Amino acid sequence: PPSNPSKRALSMAELTELLQQLRATLGKMELALNSISDAIVWVDGKEGKVQWSNMAFCHLVGKPYLEALGAELTALLPFEHEGRPLSPVEHPVNRLLSTEAALHELYQLRTASQLFTLEVSGARAEPEELGVTIVLVVRDVTGREQAADALRRKKEEVERINHFMIDREGRILELKR
């Protein structure tokens with residue numbers, strides 16, 4: 001059969017150069033992903049164990065990188081929803097492992113010193129060479145949610161005052177008649 005010049009075998013020098021380029025690119029990606037303030041975690045599709053994370057994730061869970069690797073995500077992120085702990089079936093990683101292709105929801109995470117509100121986005125992928133894999137992005141939205149709650153409370157207060165003033169004005173008009 002005729003040879004295809006575009007499919008020639010690479011020399012050892014070319015393979016070495018490609019490997020060096022790949023390592024440099026992966027190093028740059030690692031730096032970029034570690035500079036992001038959102039926590040990112042890649043989980044295997046069989047047991048829900050951490051395969052990779054950025055430093056923001058390690059900071060969130062309070063574990064060094066090497067301790068987070070291989071740990072079950074449900075143990076590292078024991079989420080709550082509306083004040084109650086999630087059951088294992090409700091945990092986003094298990095939902096993605098079983099049936100859902102993607103999700104985007106709010107959860108709470110209680111630490112020794114604070115209750116965080118976290119926006120969790122996740123996706124399930126099934127690349128042939130990797131099998132099922134899950135990626136979660138976790139954003140701390142505690143401040144945003146506290147501000148939204150304060151705004152709701154102020155709005156309710158203004159509405160109560162408005163109703164009071166309208167009632168008062170109505171009574172004054174009745175007295176004038």
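Residues numbered from 1 in each chain as written. Predicted model: local features only at pLDDT ≥ 70, side-chain atom pairs only at ≥ 80, totals over all residues. Heavy atoms only, no water.

Peer 1: Just checking my understanding: could you explain the nonpolar core for this structure?
Peer 2: It is characteristic of soluble globular proteins that their nonpolar side chains tend to be buried jointly. Judged by nonpolar contacts, the single largest core of 28 residues is most densely connected at Phe57, Leu73, Leu77, Phe79, Leu118 and Val120. Listing elements by their share of this core, those giving two or more residues are β1 (39-44), α2 (55-61), α4 (73-76), α5 (92-98), β5 (102-110), β6 (115-125) and β7 (133-140). Among the elements that make up this core, the one with the highest residue count is α2 (five residues). Excluding residues that lie within four positions of it along the chain, Val120 makes contacts with Phe79, Pro92, Leu103, His104, Glu105, Tyr107, Leu136, Val137 and Val138. (Core = buried A, V, L, I, M, F, W, Y, C linked by side-chain atoms within 4.5 Å. Buried < 20%, exposed > 50% of the residue type's maximum accessible area, 1.4 Å probe, protein only. Helix = DSSP H or I, 4+ residues; strand = E, 2+ residues; numbered from the N terminus. Contact = heavy atoms within 4.5 Å.)

Peer 1: Is there a simple way to explain the packing of aromatic side chains in this structure?
Peer 2: The geometry of an aromatic ring pair comes down to the distance between the two centres and the angle between the two planes. Enumeration according to the criterion identifies one aromatic pair in this entry. Judged by centre distance (5.0 Å) and plane angle (20 degrees), the rings of Phe79 and Tyr107 are stacked. With Phe79 in the loop between α4 and β3 (80-81) and Tyr107 in strand β5, this pair connects stretches of sequence that are 28 residues apart. Residue classification places Phe79 among the buried positions, given a relative accessible area of 2%. (Phe/Tyr/Trp six-rings, centres within 6.5 Å; stacked < 30°, edge-to-face > 60°.)

Peer 1: Can you help me understand the side chain of His91 in this one?
Peer 2: Mapping His91 onto the fold places it in the loop between β4 (84-85) and α5. Under the relative-accessibility criterion, His91 is labelled buried at 3%.

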